Amino acid sequence: MRELVVLGTASQVPTRSRNHNGYLLRWDGEGLLFDPGEGTQRQMIHAGVSASQVTRICLTHVHGDHCFGLPGVLSRMVLDGVQHPVDLHFPASGSEVVRSLVSLASPGLDLRLHPHSAPGPIAPGLEVQPLRHRIETFGYRLVEPASRTLLPDRLAAAGISGPDIARLLREGNLAGVRLEDLSIPRPGQSFAFVMDTAECDGARELAEGVDLLVAESTFSDDDAGLAARYLHLTAGQAGDLASAAGAGLLVLTHFSSRYGDVGVLAEQAGARAGRAAVVAAQDLDRIPLPRRERAPWIAGGEHRQ
């Protein structure tokens, strides 16, 4: 299963209807928890997801609305008896804050700390790029390895069926018949998480061609001055990002408490998002990755199950 579970959509100040940040990406056998703000543990209960599903935690930066829920989530994992290792990724400049938060959690979890300070891969299929905010901030991009889609008519014409198909996928060649001649390329699915940033190259690199783009939309276009002052995106700028990147689905979040109705933000983003569909996230939403026809994975590395 691949879906985004939205645990909170508020920015600095929560509201009656919006919790602080928190996003759980369910990606096959992994659960990637992004930016757990205050109340994330309780929101997970409301969303019907278990802390035991979390295998990675990814912090964009160490402002409180993006990380103060970390001790509670870690403690809950200990209480639930989680045995698998949990990888925690975060900007190296925030190490002191992260270690302090971790020290508040109950002991007993196999937690592995992975600070990063430069762009590039940090785990199989997962990379970071720097964003432009008031403190060091990184966004995340997750990409499924590329594969190929087999063409049944060409397989039949070549007389390949049954176990020979698996052998062809494994070896790339069968009795002089090449896999490339019986299939077409299939890009892997992709996801990007762009939070707390002004417009920048890093955001554009993360968003390029993704199926699902989660982007902050802290301010309305009418409050562009505030966005520039605090280094955040407006709704229209989030739409521009999705359009330029050719993203399939743009999920807006991280809304300022000044907007009781975020429908206007969705409208502003939609007007500039090009072909991307636009959703203004609400707490506890479940958003599936846009569907693609499944095909065997044959190249590009392995994904941890």
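Residues numbered from 1 in each chain as written. Predicted model: local features only at pLDDT ≥ 70, side-chain atom pairs only at ≥ 80, totals over all residues. Heavy atoms only, no water.

**A closer look at the packing of helix H2 (residues 70–79) against helix H3 (residues 95–104)**
Relative to each other, H2 and H3 sit at 40 degrees, their axes nearing to 8 Å. Classified by the angle their axes make, H2 and H3 are oblique. Helix-helix and strand crossings are classified by hand; for H2 and H3 the assignment is right-handed. Together, Leu70, Pro71 and Leu74 of H2 and Leu101, Val102 and Leu104 of H3 make up the contact between the two elements. In the contact of H2 with H3, the residues fall into six nonpolar, no polar and no charged. (Axes fitted to C-alpha atoms, helices over the stretch in contact; angles between N-to-C directions. Helix = DSSP H or I, 4+ residues; strand = E, 2+ residues; numbered from the N terminus. Parallel < 35°, antiparallel > 145°, perpendicular 65-115°, else oblique. Left-handed = near helix turned anticlockwise from the far one by under 90°. Contact = heavy atoms within 4.5 Å. Nonpolar A, V, L, I, M, F, W, Y, C, P; charged D, E, K, R; others polar.)

**Remarks on the pairing of strand S9 (residues 138–143)**
Note on strand geometry: in a regular strand, side chains alternate between the two faces of the sheet. With five of its six residues buried, S9 lies for the most part within the structure. Note that S9 and strand S14 (residues 190–194) share four bridges and pair antiparallel. From the neighbouring strand, Arg141 faces S14, where its bridge partner is Ala192. (Buried < 20%, exposed > 50% of the residue type's maximum accessible area, 1.4 Å probe, protein only. Pairing = 2+ DSSP bridges.)

**Here we look at the pattern of salt bridges**
Where side chains of opposite charge bring their charged atoms close, a pairing between them can arise. Applying the stated rule across the entire model yields 14 salt bridges. With a closest N to O distance of 3.3 Å, Arg56 and Asp87 form a salt bridge. Separated by 31 residues along the polypeptide, Arg56 in strand S4 (residues 56–58) and Asp87 in strand S5 (residues 86–91) bring together distant segments of the chain. A salt bridge links Arg112 to Asp110; its shortest N-O distance comes to 2.9 Å. The class of Asp110 is partly exposed, set by a relative accessible area of 33%. (Salt bridge = Lys/Arg side-chain N within 4 Å of Asp/Glu carboxyl O.)

**Some points on the packing of helix H1 (residues 40–47) against H2**
With their axes 8 Å apart at the nearest point, H1 and H2 run at an angle of 60 degrees to one another. What the angle tells us is that H1 and H2 run oblique. Between H1 and H2, the residues in contact are Thr40, Gln41, Met44 and Ile45 and Gly72, Val73 and Arg76, respectively. Grouping the constituent residues of the contact of H1 with H2 by class yields three nonpolar, three polar and one charged.

**Things to note about the sheet that holds strand S2 (residues 22–27)**
Read across the sheet, seven strands follow the order S6-S5-S4-S3-S2-S1-S18 without closing on themselves; strand pairing throughout is mixed. Two strands lie at the open edges of the sheet, namely strand S6 (111–116) and strand S18 (286–288), each paired on one side alone. Taken over all neighbouring pairs, the strand axes of this sheet differ in orientation by 20 degrees on average, direction set aside. With five bridges joining them, S2 and strand S3 (residues 30–34) adopt antiparallel strand pairing.

**Here we look at the nonpolar core**
Of all hydrophobic cores here, the largest spans 28 residues; its most connected members are Val194, Leu213 and Leu250. Breaking this core down by element, the ones donating at least two residues are S14, helix H6 (201–207), strand S15 (212–216), helix H8 (235–245), strand S16 (249–253) and helix H9 (263–270). Look past the residues within four positions of Leu250 in its chain and what remains in contact with it is Leu213, Ala215, Ala238, Gly239, Ala242, Ala269, Ala277, Val278 and Val279. Counting residues in each nonpolar core, the second largest holds 25 residues, with Leu7, Met44, Ile57 and Cys67 among its members. (Core = buried A, V, L, I, M, F, W, Y, C linked by side-chain atoms within 4.5 Å.)

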